[in-house]
Amino acid sequence: MLKHSLVTSFFFLSVIAYANVGIFGGFGHSVILEKTSDIQMVSEEVSISLGRGMIPFTGSLRGLDRAEYRCKFLLRNLSDKKVTVQVGFPLSSGDNYMISAAENPSAFDIIARHNFIAGTDKKMYPVRYVRHDKAKKFRQIFLWNMTFEPKQEITLKVFYALTGYQGLGTTKRRPYNWKPYKYDYLDFLDRGIGESFGYVTETGKSWKGPIEKAVFKVYLDDFEKYLAKRGMTEYESQKDKKRASARLPVNYGQIFREISPKGWKEVKERRQTYIVWEFKNFKPGPEILINYVYTQIPRNTKDFKLLLETIEKRYCQERQRRLKSKKLKGKIPLEFNAAAKKNVADVILEYYGVNTGNKKIGGFLKDQAWYPPRNPPRLDKDLKSVLLKYSK
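Cut-offs applied
Residues numbered from 1 in each chain as written. Predicted model: local features only at pLDDT ≥ 70, side-chain atom pairs only at ≥ 80, totals over all residues. Heavy atoms only, no water. Helix = DSSP H or I, 4+ residues; strand = E, 2+ residues; numbered from the N terminus. Expected span 1.5 Å × (residues − 1). Buried < 20%, exposed > 50% of the residue type's maximum accessible area, 1.4 Å probe, protein only. Polar contact = N/O pair within 3.5 Å; in protein donor to acceptor, adjacent residues only side chain to side chain. Pairing = 2+ DSSP bridges. Axes fitted to C-alpha atoms, helices over the stretch in contact; angles between N-to-C directions.

Colleague: Requested: an account of helix α6 (residues 338-351), with residues and values cited.
Modeller: The terminal C-alpha atoms of α6, which comprises 14 residues, lie 20 Å apart, in line with the 20 Å expected from a rise of 1.5 Å per residue. With eleven of 14 residues buried, α6 is to be regarded as a mostly interior element. Listing the buried residues of α6 in full gives A340, K341, N343, V344, A345, D346, V347, I348, L349, E350 and Y351. The backbone nitrogen of A339 lies 3.3 Å from a side-chain oxygen of the residue at the head of α6, namely N337. Following α6 by one or two positions, G353 adopts a phi angle in the positive range, close to 90°.

Okay, here's the thing in structure tokens:
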């Protein structure tokens, strides 16, 4: 089967964005996540606002899109004694991983980069920084001390900014099945550039007792409008655009969005729209995850034809390569013929909610997180007409 690479000039990172306040013992790189028998996290409220980076995103690590996090925790001393604890907030993302490896930044650089602030309405805590815990499970840990009087409640507020994951994305259903498709050209239709933003609640397990109430809000309305307008990247030059298009030809493909865990609802409030999870007696563990994939599903006829041309060009190049090879001469890939183009057209129709009845693409559709489509996007009239011609 034809093997084609979707590796682009993007720097792909598979870094999970850790975030949540917890109890850490030890000093320096010997810090470890611990549990407290005295302090309860009564409630947790997290607001996440997604937004563009400081400069245009061109496919490199510069200009990565960012999220701002505003967190409020109600903490209660359950004991009759005065308690001092070392509180930690671990973060790990593409940008701080990059500068840690390349620039050897100081603690000041890291704290300033994330605009990290922790405090109450009356004071701010002096924050320390270590690169990782003893087990190297948590990285980029911000630390400070908190003292509780007997039975005292403290409302802790934390603010920071963090980039998400940006790199190769897929619309495959989780857990991912990476077995090659019978019709390998369909790989083009479940690959793209992905963006993910998350909030991991695991460190919340270090507090005593249940979290009576947990609320997580994600403001994404303005961000999604920006993504739709931006395309996969904002190119600095026509040369950059041509290079990227040779690998992923559709820059303004349909954007697939995946949100987990389930149980969220959409709320429209004045001019803003956000999604929200509300939990009672919350058990830390599930990751809040917003995942976007810029797919190669075209929005118009021009991009559809460009997609077909790109796939066909790849096949021609591979045929020529194998014809010149003595070892591969007997393994010449089939031409990208009318039957193959029909399969591509039918997958695109299915994405838009049009049932084609094509059994040959059944295996591909079974793997897709978007199938069966629940709220398919509007299908351009001209594109539909062209797709149906190829689908005959």
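Colleague: Please provide a residue-by-residue account of the sheet that holds strand β6 (residues 117-119), values included.
Modeller: If you walk across this open sheet you meet the seven strands as β6-β9-β4-β3-β12-β15-β14, and the pairing is mixed. Looking at which strands have only one partner, the edges of the open sheet turn out to be β6 and β14 (265-269). The mean angle between the axes of side-by-side strands here comes to 15°, regardless of whether they run parallel or antiparallel. Relative to strand β15 (residues 272-282), strand β12 (residues 211-219) is paired through eight bridges, and the arrangement is antiparallel. In the strand pairing of β15, V218 is matched with I275.

Colleague: Can you explain the pairing of strand β7 (residues 128-132)? Please cite residues and give values.
Modeller: Strand direction decides the pairing type here: β7 and strand β8 (residues 139-148), joined by four bridges, are antiparallel. Opposite V130, over in β8, you have I141 as the bridge partner. Hairpin connection, β7 to β8: the antiparallel pair is bridged by six residues, and K136 has positive phi, about 60°.

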